[in-house]
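# Understanding the architecture of this molecule
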Amino acid sequence: MTSPIVRFAPSPTGRIHIGNARVALFNYLFVTMHHGRFILRFDDTDFARSTEEFAGSIEIDLAWLGVVPDAIFRQSERIALYEAAAAKLREEGRLYPCYETQDELEKRRKMQQARGLPPVYDRAALRLSDAERAKLEAEGRRPHWRFKLAPGVVEWNDLIRGPVHIDCAALSDPVLIREDGSFLYTLPSVADDIDMKITHVIRGEDHVTNTAVQLQLFAALAPQAPPPAFAHHNLLIGASGEGLSKRTGSLSIASLREEGYEALAVAALATLTGSSDNVQAVRTLAELGRHFDLAHVSRNPARFDPDDLATLTHRTLALFEFEDVRDRLAALDVVGHKAEPLWRAARGNLSTFDDILKWWRVVEGEIAPVREEPEFLAQAAALLPQEPWDETTWSAWVGDVKTATGRKGKALFHPLRLALTGEESGPELAALLPLIGRMTAIARLAG
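Before going further, it helps to examine the overall build of the protein chain. Counting secondary structure elements, the protein chain contains 19 helices and 12 strands. In terms of its C-alpha atoms, the protein chain occupies a principal-axis envelope of roughly 110 × 45 × 40 Å. For the protein chain, with 447 residues in total, the buried portion stands at 46%. Within the protein chain, contacts between residues separated by at least 24 positions form 76% of all contacts whose residues are at least 6 apart in sequence. Just so you have it, the protein chain exposes about 21,500 Å², and 51% of that area is on carbon and sulfur atoms. Within the protein chain, one finds 51 positive and 62 negative side-chain charges whose respective centroids are separated by 4 Å.

If you want it as structure tokens, here you go:
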């Protein structure tokens with residue numbers, strides 16, 4: 001395969017949700033594994049609803065997931081390219097003006113359905129005379145512009161779905177330009193794909209029918225150039241089977257981040273859910289990419305349960321080495337010679353990354369010791385060995401306490417853990433005790 005070029009083209013009209021991010025991840029992992037280029041292209045030709053704030057939030061969400069574009073474009077800055085494409089289609093008789101209102105079109109559709117006909121646009125606008133068009137425009141009507149589909153069946157070999165064919169006789173000529181002259185999604189998308197030399201279009205299966213239209217546009221605008229390869233993956237649905245919508249904030253990336261889930265856990269669950277691969281924790285996106293294969297994506301809807309993120313976040317944190325999180329720990333002021341041994345000790349006990357602060361307080365700050373048996377704790381304190389301490393100190397000390405008191409099991413260990421950490425459970429005390437230190441341990445045992 002030559003180096004692929006892909007694009008992720010969100011509309012900056014809201015926060016992206018996990019379904020949108022999944023499209024970005026599919027594209028990013030695909031080109032990462034094949035040494036290609038990933039383009040972020042904002043579909044912002046809907047000037048009424050697109051905002052710079054949403055565009056910025058999309059970039060932030062992608063960066064959090066580890067998706068770094070090789071280039072960023074805004075369609076609002078490329079209108080001249082689309083105007084030229086529209087002019088070419090007009091010259092070839094493939095783009096024609098239509099004057100029907102939405103109400104008129106809806107009535108026509110209902111009449112067709114009542115007669116048992118498919119609700120396909122009947123190309124009535126093509127039968128208008130120049131005089132009739134002039135009369136409509138004199139009445140104040142402004143045309144929208146439709147692309148005249150060629151008859152026949154459009155076929156392609158989908159990289160996920162296999163051979164696909166769509167009979168264009170069952171489709172209405174799509175509207176490419178609104179009455180106000182603004183472009184809908186289809187024409188800018190194809191014009192950009194041609195200009196940017198996009199080789200693969202990886203997107204949700206809700207775009208399958210669009211592909212027939214777009215392949216005809218590719219042929220009309222760039223007949224000498226091969227169109228991109230297409231891959232249409234299954235869609236994510238919520239845990240209860242509901243669809244996802246960025247307008248309702250369903251599973252937005254921002255909300256998942258704010259809830260403390262790990263980015264790599266979100267990426268792994270979004271990518272591997274709905275495939276034949278097992279969902280597993282990964283340490284890097286590159287590792288996730290080695291598990292990712294378009295051929296493994298299922299045709300069935302992929303159910304995304306955020307409850308699974310808690311377990312996957314825990315497993316992901318347990319994989320991280322200190323170097324993976326050094327900067328994040330420093331941002332929480334977890335620094336110094338205790339930071340690395342604490343991370344190694346506590347990483348398997350974290351539900352979210354910020355939980356490390358609890359264990360940092362245990363070894364470096366002040367806690368409220370829980371002293372259930374003061375006499376036993378005083379005996380244990382008297383047997384604490386002198387420093388220096390290491391990871392053998394704990395077993396040597398509790399061995400001495402066991403001999404002196406006759407205690408064993410939970411009766412031996414639990415009161416010591418409560419006094420030293422203030423917690424019912426947690427990292428191995430063999431690792432924590434040297435970080436707590438002798439003076440602090442004596443103080444906590446003594447209350």
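Now that the structure is up, let's keep going.
Buried within helix 11 (residues 307-319) we find L309, L312, T313, T316 and L317. Along the axis of helix 11, the buried positions cluster into a sector of 140°, meaning they face one direction only. Looking at the packing, one finds that the buried side of helix 11 touches helix 8 (253-258), helix 9 (263-272) and helix 13 (339-346).

Here we take up the sheet that holds strand 1 (residues 5-8). Strand order across the open sheet formed by three strands is 1-2-3, with parallel pairing between neighbours. Strands with a single pairing partner mark the edges of an open sheet, and in this sheet they are strand 1 and strand 3 (71-74). Averaged over all pairs of adjacent strands, the angle between their axes in this sheet comes to 25°, without regard to strand direction. Pairing of strand 2 (residues 37-42) with strand 3, which is carried by four bridges, proceeds in the parallel orientation. Following the sheet pairing, F42 is matched in strand 3 by R74. Along the sheet face, helix 1 (residues 18-33) touches strand 1 and strand 2 and points at about 165° away from the line of strand 1.

Spatial ordering of the open sheet is given by 4-5-8, a layout of three strands whose pairing is antiparallel. The open sheet has two edge strands, strand 4 (95-98) and strand 8 (175-177), and neither has a second partner. Adjacent strand axes in the sheet meet at a mean angle of 45°, parallel and antiparallel pairs treated alike. Where strand 5 (residues 144-147) and strand 8 come together, two bridges link them in antiparallel fashion. In the strand pairing of strand 8, W145 is matched with I177.

Attention shifts here to the pairing of strand 6 (residues 153-158). A one-sided burial pattern is seen for strand 6, the buried positions being V154, W156 and D158 and the unburied ones V153, E155 and N157. Here strand 6 runs beside strand 7 (residues 162-167); their pairing, made up of six bridges, is antiparallel. Bridging from a neighbouring strand, V153 pairs with D167 of strand 7.

What counts and how
- Residues numbered from 1 in each chain as written.
- Predicted model: local features only at pLDDT ≥ 70, side-chain atom pairs only at ≥ 80, totals over all residues.
- Heavy atoms only, no water.
- Helix = DSSP H or I, 4+ residues; strand = E, 2+ residues; numbered from the N terminus.
- Buried < 20%, exposed > 50% of the residue type's maximum accessible area, 1.4 Å probe, protein only.
- Contact = heavy atoms within 4.5 Å.
- Areas by Shrake-Rupley, 256 points an atom, 1.4 Å probe, with all protein chains shown as cover.
- Lys, Arg positive; Asp, Glu negative; His and termini not counted.
- Charge placed at Lys NZ, Arg CZ, Asp CG, Glu CD.
- Arc of directions from axis to C-beta.
- Pairing = 2+ DSSP bridges.
- Axes fitted to C-alpha atoms, helices over the stretch in contact; angles between N-to-C directions.

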